Structures are given as C-alpha cells and as structure tokens.
Amino acid sequence: METKRDIRKQMLCARDRLTDREWETYSDRITEQVVSHPLFVQAKEIWCYVSMGKEVCTEQILVSAWRAGKRTAVPKVTGKREMKFYYIESLNDLETGAFGILEPKEEKKGADCCLEKSDLLMLVPGVSFDPAGRRIGYGGGFYDTYLQKMEGCHTFGLAFEVQMADQIPAEAHDIRMEYVLEMLTGLPKDPILLLSVVNTKLRDYYPSLDALCDDMDVSREVLEEKLGMIDYRYDAEKNQFE
C-alpha cells in the first residue's frame, strides 16, 4: 500500500492539473449534491472550510446556507494543530489569515461547540479520500485534532474524482468522514444521495426521467434499478421517485 505522503503528492498533482473550467463545473456539481442532501437540508448550522486554490469551491455552499437561514461558521488557525470556528454572515466577514487562507475577522463570535451535534453538518477539505471515508489532509493535523472533540456531528468530505484513492492507510488518530461527496462523471453512487439529487433535478430542471437520462448520459434501467433497491419507483405523473 502507498504511503500517505505518496498519495498526497500524487493527488495534489492530479487536482492541480484540472483546468479552471473543469474546477468550476465540477465544484458546481458537488455544490448541487451538498445543498440537496437531506443532512444539509435538516442541519441548523453549517460549519464549512473556506476554499483556496483548486479545492472544491465552497462559496455557493455558504451562500445557499445563508439563504436557507442556517448559521454558518468557518475555521481560523489559533495555534499549532489548533483551530476554532467562528460565525460569519457574509463573505465580507473574511480576511487573509494563516497560510494565505481567508479566515473570519477578529471581532466575529466563536461558534457554539456545545450545540446538539446532530444539528451540525461540517464540510471538511482534504487532499484525498477513499470510499470508506478515510482522509488525507495537508499534514497539519488541524481537522483530525478538532474532530476528536466533535463526536456525533455529521461530516462531509468534498473531493473531485481525481482525488479518490482505492484505500488510504489509516492511523489511530484519523477521523473518518460520514460521507464523501465527489464529482463523478454521472450521478452519485450512494442510493440515498442519488435519490435526493435525481428528484431535485427532476423537479427543477427536467420534464421527464428520459430527459434527465439523455442529458446526463446515464441508463434509465440502471438508475431505476438502483433506486428500486431502496424501494423507490418513478411516478411519471409527478415526475418524481416515491
């Protein structure tokens, strides 16, 4: 098995090779997956990294959270392997901080670590993830340290397809993601997430299931079979899976 250092180097190179257009398009599609996911819809608070470079862009995720009336918080480095989250109300509440990352301004209020963890969804950056939710960060240990005290909160790792590894070597202190939302050439693999994304697209963009399948180049038969595994069937009159 490759070492974390080898995987990190490989994935950073692959991610940096994405064109600006690919980065923007793929980020938009991941944003669609995030904001339509039941855990995002149900969450009262969204704690989210502020993207930089070729990371999955989180700007529209934050905007969607504000529009939905959710409290949002972003991280700020406060020491070695230490960070805290602070509430922000707009992108204007950010300024350049450690490592050149946008961070909350000094006067912002610290996020409530004592809130009911099931009401919180945290979006986590990473250099690489695997299907089991294992993660490789940048090596600073900030998120692994912070997540140790946030047991019970929901976590999404966000990644492009080129960042996905078959298996990442795990260490005792590593925290696995509850879900990894990745940019695929088609639709999400997870049936629950697939249901949410498909029904949203049918409601907002496509007049029929055939139109969706043709546009996204996916097999209607495979799609219906996959959602049938969780007992959902397509209702042509309502243009929804129920």
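If you're wondering where the values come from, they're calculated on a predicted model, not measured in any experiment.

About the cut-offs
Residues numbered from 1 in each chain as written. Predicted model: local features only at pLDDT ≥ 70, side-chain atom pairs only at ≥ 80, totals over all residues. Heavy atoms only, no water. Buried < 20%, exposed > 50% of the residue type's maximum accessible area, 1.4 Å probe, protein only. Helix = DSSP H or I, 4+ residues; strand = E, 2+ residues; numbered from the N terminus. Pairing = 2+ DSSP bridges. Salt bridge = Lys/Arg side-chain N within 4 Å of Asp/Glu carboxyl O. 1 Å grid on protein atoms, 1.4 Å probe; cavity = no way out; pocket = protein on both sides within 12 Å on 5 of 7 lines; lining within 4 Å. Points joined across faces, edges and corners; volume = space filled by probe spheres on them. Nonpolar A, V, L, I, M, F, W, Y, C, P; charged D, E, K, R; others polar. Core = buried A, V, L, I, M, F, W, Y, C linked by side-chain atoms within 4.5 Å. Contact = heavy atoms within 4.5 Å. Axes fitted to C-alpha atoms, helices over the stretch in contact; angles between N-to-C directions. Phe/Tyr/Trp six-rings, centres within 6.5 Å; stacked < 30°, edge-to-face > 60°.

Caption draft 1: Main features of the pairing of strand β9 (residues 154-160). Judged by how many residues are buried, β9 sits mostly within the fold: seven of seven residues are covered. A two-sided burial pattern is seen for β9, the buried positions comprising H154, F156, L158 and F160 on one face and T155, G157 and A159 on the other. In terms of strand pairing, strand β6 (residues 120-124) meets β9 through four bridges, oriented parallel. Looking at the pairing, M122 lines up with T155 of β9.

Caption draft 2: Molecular detail of the pattern of salt bridges. Considering all chains together, one arrives at 14 salt bridges under this definition. Notably, a salt bridge pairs E32 with K201, separated by 2.8 Å at the nearest N-O pair. On the criterion of sequence distance, the pair formed by E32 in helix α2 (residues 20-36) and K201 in helix α6 (residues 191-204) is long-range, its members being 169 residues apart. With a relative accessible area of 32%, E32 lands in the partly exposed category.

Caption draft 3: Structural view of the layout of surface pockets. Of the pockets and cavities examined, the largest pocket occupies roughly 690 Å³. What lines the largest pocket is a set of 32 residues, and nearest its centre among them are R135, Y138, G140, F142 and Y143. Listing elements by their share of the lining of the largest pocket, those giving two or more residues are α1 (4-16), β2 (71-79), β5 (102-104), β8 (135-136) and α5 (142-147). Among the residues making up the lining of the largest pocket, the classes are represented as 14 nonpolar, six polar and twelve charged.

Caption draft 4: Main features of the nonpolar core. Grouped together as the largest cluster of nonpolar side chains are 45 residues, with contacts concentrated most on V34, W47, F85, M122, L123 and L158. For this core, the element with the most residues is β6, which contributes five residues. If you look at the next biggest cluster of nonpolar residues, it comprises 13 residues, including L194, L209, M216 and Y234.

Caption draft 5: Examining the side chain of S196 more closely. For S196, the position within the fold is in helix α6. Using a relative accessible area of 13% as the deciding quantity, one classes S196 as buried. Ignoring anything within four residues of it in the chain, the contact list for S196 reads S36, H37 and P38.

Caption draft 6: How the structure looks around unusual backbone geometry. A positive phi angle, near 65°, is found at D231, a position not held by glycine. Looking at D231, the relative accessible area reads 62%, which means it is exposed. With phi around 55°, N239 is a residue other than glycine that occupies positive phi space. Owing to a relative accessible area of 10%, N239 belongs among the buried residues under this scheme.

Caption draft 7: Local environment of the packing of helix α7 (residues 209-216) against helix α8 (residues 220-228). The contact between α7 and α8 brings their axes to 10 Å, and the two run at 115°. Of the residues in α8, those in contact with L209, D210, L212 and C213 of α7 are R220, L223 and E224. Taken together, the residues of the contact of α7 with α8 break down into four nonpolar, no polar and three charged.

Caption draft 8: Geometry of the environment of K84. Looking at where K84 falls in the secondary structure, it is placed in strand β3 (residues 82-88). In contact with K84, other than residues within four places in its own chain, are V74, P75, K76, T78 and Y146.

Caption draft 9: Just the packing of aromatic side chains, in detail. Within this structure, the stated rule accounts for six aromatic pairs. Geometrically, the ring pair formed by Y26 and F160 is tilted, given 6.3 Å between the ring centres and 55° between the ring planes. One end of the pair, Y26, is in helix α2; the other, F160, is in strand β9, with 134 residues separating them in the sequence. Judged by relative accessible area, Y26 falls into the partly exposed class, the value being 24%. Ring geometry for W47 against F85: centres 5.2 Å apart, planes inclined by 25°, an arrangement best described as stacked. Taken together, the positions of W47 in strand β1 (residues 45-48) and F85 in strand β3 put the pair 38 residues apart, joining distant regions of the chain. Residue F85 is classed as buried on the basis of its relative accessible area, which comes to 2%. One aromatic cluster is present, built from ring pairs that chain together W47, F85 and Y146.

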